[in-house]
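# Commentary on secondary and tertiary structure
If you want the building blocks of each chain, they are given just below.
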Amino acid sequence: MGKVDKIEVARNILYNAARMNMNKEIILKISQKIDQYIVEHFNKNSSQKDILGKEQIGK
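From a predicted model like this one, the values you see are computed outputs, not experimental measurements. (Residues numbered from 1 in each chain as written. Predicted model: local features only at pLDDT ≥ 70, side-chain atom pairs only at ≥ 80, totals over all residues. Heavy atoms only, no water.)

### Looking at the environment of G2
Following the sequence through the fold, G2 ends up in the segment before α1 (3-19). In this structure the C-alpha to C-alpha distance between G2 and Y37, which are 35 residues apart in sequence, comes to 9.8 Å. (Helix = DSSP H or I, 4+ residues; strand = E, 2+ residues; numbered from the N terminus.)

Here it is, written out as structure tokens:
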């Protein structure tokens, strides 16, 4: 499962937890996990863009 899929699944879980009025601590933990997935996704994509940019400069 890719990062984007994990973000989507966790977002749906968060939405359902909020609709069911779950404990705020549980909602916070889910939200933090989504944040972690998003940061990992952006870090991966930005490092790939850096590599691609350096390859194009070298040409």
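### Details of the nonpolar core
Counting six residues, the largest nonpolar core is built from I7, A10, A17, I30, I34 and Y37. Among the secondary structure elements, those contributing two or more residues to this core are α1 and α2 (24-58). Apart from residues lying up to four places away in sequence, I30 is in contact with A10, I13, L14 and A17. (Core = buried A, V, L, I, M, F, W, Y, C linked by side-chain atoms within 4.5 Å. Buried < 20%, exposed > 50% of the residue type's maximum accessible area, 1.4 Å probe, protein only. Contact = heavy atoms within 4.5 Å.)

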